[in-house]
Amino acid sequence: MTDLTLAIVHHLIVFGIAAVLAAELALMRPAAMSPHTVRLLGRFDAAYGVLAIAILVAGFARVWYGAKGPDFYLQNHVFWTKVAAFAVVGILSIKPTLRILAWQKALKADAAFVPPPGEVTALRRRMLAEIHVFALIPIAAAVMARGIGLGA
Ligand code: HEM
């Protein structure tokens, strides 16, 4: 029952992250920029932060309390590849998060604030990279779940 509950929660959070990333990417384009878009980006990015922490907790809860036991994962290099890919996604998201936070501040000082197009384009490129690395994670997940990569 614990294993099933953790699996359900894990999947729901994963789809939540994918939805938030897609929404942020759709908004992160110079032509779409407006004070309202900046505010929405702030909200989505806050949700993204909460979901990222939640998947980390749910993921490691599956490692420790899942049906297969921690050794199944901790000795699997594909599991660590998955964790590394997650870390890369996290590292790639630092800059967009910092800029989105700075934009919220700028918006408080100037209600008509919109970020410069060059900055938006650069962040969009970075978020595209982030989404591509994110897409590698379920691939590693399916591989490791089947015991491929164990004992290496
Ligand atoms: C560091 C964070 C994470 C940890 C520690 C973690 C850990 C786990 C564990 C232990 C399982 C169970 C595999 C099994 O059934 O034996 C699992 C399954 C899965 N994870 Fe994660 N996970 C994390 C983040 C993610 C993320 C961000 C994604 C999506 C991008 C993801 C996608 C999946 C999928 C799709 C499965 C099901 C695999 C299958 O049954 O074929 N996980 N994860």
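If you're wondering where the values come from, they're calculated on a predicted model, not measured in any experiment.

1. Observations concerning the coordination of the iron atom of the ligand
Right, on to step 1. The protein atoms that coordinate the iron atom of the ligand are His-10 (NE2) and Lys-82 (NZ), at distances spanning 1.7 to 2.1 Å.
Right, on to step 2. Each of the 6 donor atoms around the iron atom of the ligand contributes to a set of angles spanning 82 to 177 degrees, which defines the coordination as octahedral. Of this pair, His-10 sits in helix 1 (residues 2–27) while Lys-82 sits in helix 4 (residues 77–109), and the two are 72 residues apart along the sequence. Exposure class is identical for His-10 and Lys-82. Each is buried.

2. Side note on the environment of Lys-82
Right, on to step 1. The buried category is assigned to Lys-82, whose relative accessible area is 15%.
Right, on to step 2. Separated by 51 residues in sequence, Lys-82 and Val-133 place their C-alpha atoms 10.0 Å apart.
Right, on to step 3. Excluding anything up to four places from it in sequence, Lys-82 contacts His-10, Ile-137, Ala-140, Ala-141 and Met-144.

3. Examining the site of the ligand
Right, on to step 1. Neighbouring the ligand are 22 residues; His-10, Lys-68, Tyr-73, Lys-82 and Arg-146 lie closest to it.
Right, on to step 2. The separation between an oxygen atom of the ligand and a polar side-chain atom of Lys-68 is 2.4 Å.
Right, on to step 3. Within the side chain of Arg-146, a nitrogen or oxygen atom sits 2.8 Å from an oxygen atom of the ligand.
Right, on to step 4. Most atoms of the ligand, that is more than half of them, are within 2 Å of grid points of the largest pocket.
Right, on to step 5. In terms of residue count, the dominant contributor to the shell around the ligand is helix 5 (residues 117–145) (7 residues).
Right, on to step 6. Of the residues belonging to the shell around the ligand, the class tally is 15 nonpolar, 3 polar and 4 charged.

4. Examining the UniProt feature "transmembrane region" (unreviewed entry) in the protein
Right, on to step 1. This chain's UniProt record puts "transmembrane region" (unreviewed entry) on residues 6–27, 48–67, 79–98 and 131–149.
Right, on to step 2. As a span, residues 6–27 carries 100% helix and 0% strand, and end to end its C-alpha atoms are 32 Å apart.
Right, on to step 3. For residues 79–98, the end-to-end C-alpha separation is 29 Å, with 100% helix and 0% strand making up the annotated structure.

Criteria and thresholds
Residues numbered from 1 in each chain as written. Predicted model: local features only at pLDDT ≥ 70, side-chain atom pairs only at ≥ 80, totals over all residues. Heavy atoms only, no water. Donors = N, O, S within 2.8 Å, 3.2 Å for Na, K, Ca; no water. Tetrahedral: all angles 85-135°; square planar, octahedral: opposite > 155°, others 65-115°. Helix = DSSP H or I, 4+ residues; strand = E, 2+ residues; numbered from the N terminus. Buried < 20%, exposed > 50% of the residue type's maximum accessible area, 1.4 Å probe, protein only. Contact = heavy atoms within 4.5 Å. Near = heavy atom within 4 Å. Polar contact = N/O pair within 3.5 Å; in protein donor to acceptor, adjacent residues only side chain to side chain. 1 Å grid on protein atoms, 1.4 Å probe; cavity = no way out; pocket = protein on both sides within 12 Å on 5 of 7 lines; lining within 4 Å. Sits in = over half its atoms within 2 Å of the grid points. Nonpolar A, V, L, I, M, F, W, Y, C, P; charged D, E, K, R; others polar. UniProt positions renumbered as here; feature names shortened; annotations may be inferred.

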